[in-house]
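# Notes for the structure review
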Amino acid sequence: MSDLEALYASIYAKNMEGGWHRKAPALWPEPRQNFLPYVWHYADVRPILDEAGHLVDHRMADRRNLTMTNPVEGNRYATVRTLVAAYQSIKPGECADAHRHTPNALRIILEGRGSHTTVNGTRVEMRPGDVLLTPSWNWHSHESLGPDECFWVDVLDVPLVHLLEPMFFERHPDKLEKDVHNVEECDLALRWETSMQRLDAAPDTASGVAQREVELGSPALKTMAVHAQRMGKGFVSRMHRSTANAIYTVLEGEGSSRVGNQELQWRRGDVFVVPAWQPFSHTVAADTHLIRVSDEPVMRAFDMLRSAQA
């Protein structure tokens, strides 16, 4: 055995590695393409949630939701690297008990009237098109008092918290908050009507990633940015890429997105993902409104937010 081989053996025996002789590189020229572009179709998911509504009540499930797990090999939970999305429903007369957790959360309402969320004692109705915010470590519960079953998309930064490890979760000792006040409007409810008014007044985007785009909040949550986008029939966006991971919810319209080498067809209620640094563009077949949720605030906080025409 050579002296060099003996040196390597002594290094590995101490759970170390020579920086000049790595088994795999620790640095690379640009972000690797790990998570996959993917689309979940609401038309496929809604019947499953309907069936779950008959078989799974909140005493069993706490939250009746279906997590969107990215199909990249080895992944068991995340939708993109730092974010997870899920479809969720609540039936008339049901109540999901209060809990709190360190991950930030938001919900994008697809359909149903008469459902409410209570966040740290503030109770507000959840209406179609709205984005409802639940900041880290806020108590929150959901209930349906109207005639409709309510369906929405959840987005949370749970995978980011998994990576950083400060995960805490707690159920409310009384199941529900006792001191609750009802409001029509609050900072936690980003109303659809307001988003539409702001898009009406917004100029066309210079980047060309959408015809018009406005940010909801500044940012909406410390780890997640929310943007409402508008694109008319026939619009084709420029090819673009960003270091931010993004989850899109289709509130209205239909079209397709080219992400990397994948063509994703989407329409109302669908959810699709654009992982970090994957080139993408949209082709719009009918007037469209998208909600884009991304980890831009995290990337920006560490001076790692980059974008480029692809």
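Here we summarise the structure given alongside this text. Treat the numbers as computed from the prediction; the structure is a model and nothing was measured.

### Structural notes on the sheet that holds strand β6 (residues 115-119)
Ordered by their spatial adjacency, 6 strands build an open sheet running β11-β4-β9-β6-β7-β12, and the pairing between neighbours is mixed. At either margin of the open sheet sits one strand with a lone partner, and together these are β11 (169-171) and β12 (181-182).

### Regarding the sheet that holds strand β2 (residues 65-68)
The antiparallel open sheet is built from 6 strands, whose spatial order is β2-β3-β10-β5-β8-β13. Strand pairing shows two members of the sheet lacking a second neighbour, β2 and β13 (189-190), which therefore form its edges. Across 4 bridges, strand β5 (residues 105-111) lies against strand β8 (residues 131-134) in antiparallel orientation. Across the sheet, residue Arg107 finds its bridge partner in β8, namely Leu132. Along the sheet, helix α2 (residues 42-55) makes contact with β2, β3 (84-90), β5 and β10 (150-156), crossing β3 at roughly 50°.

### So, the environment of Thr82
Take Thr82: it is sitting in the loop between β2 and β3. The class for Thr82 is buried, based on a relative accessible area of 7%. Along the chain, Thr82 and Leu264 lie 182 residues apart, while their C-alpha atoms are 21 Å from each other. A distance of 2.6 Å separates polar atoms of two side chains, one belonging to Thr82 and the other to Asp295.

### Digging into α2
If you check α2, its first and last C-alpha atoms are 20 Å apart, about what 14 residues at 1.5 Å a residue would give, namely 20 Å. Every buried residue of α2 is listed here: Tyr42, Val45, Leu49, Ala52 and Gly53. Down the axis of α2, the buried side of the element spans an arc of 105°, and every buried residue falls inside it. Turned more than 90 degrees away from the buried face of α2, the exposed residues are Ala43, Asp44, His54 and Leu55. Of the surrounding secondary structure, the elements contacted by the buried residues of α2 are β1 (38-40), β2, β3, β5 and β10.

### Comments concerning the nonpolar core
As a rule of thumb, nonpolar side chains are buried together in soluble globular proteins. Counting 35 residues, the largest nonpolar core has Tyr87, Leu106, Ile108, Val131, Val155 and Ile291 as the members making the most contacts within it. In this view, Val155 contacts Leu83, Val84, Ala85, Asn104, Ala105, Leu106, Ile108, Met224, Ile247 and Val293; residues no more than four positions away in its chain are not counted. Grouped together as the second largest cluster of nonpolar side chains are 15 residues, Val39, Ala210, Ala246 and Val274 included.

Cut-offs used in this document
Residues numbered from 1 in each chain as written. Predicted model: local features only at pLDDT ≥ 70, side-chain atom pairs only at ≥ 80, totals over all residues. Heavy atoms only, no water. Pairing = 2+ DSSP bridges. Helix = DSSP H or I, 4+ residues; strand = E, 2+ residues; numbered from the N terminus. Contact = heavy atoms within 4.5 Å. Axes fitted to C-alpha atoms, helices over the stretch in contact; angles between N-to-C directions. Buried < 20%, exposed > 50% of the residue type's maximum accessible area, 1.4 Å probe, protein only. Polar contact = N/O pair within 3.5 Å; in protein donor to acceptor, adjacent residues only side chain to side chain. Expected span 1.5 Å × (residues − 1). Arc of directions from axis to C-beta. Core = buried A, V, L, I, M, F, W, Y, C linked by side-chain atoms within 4.5 Å.

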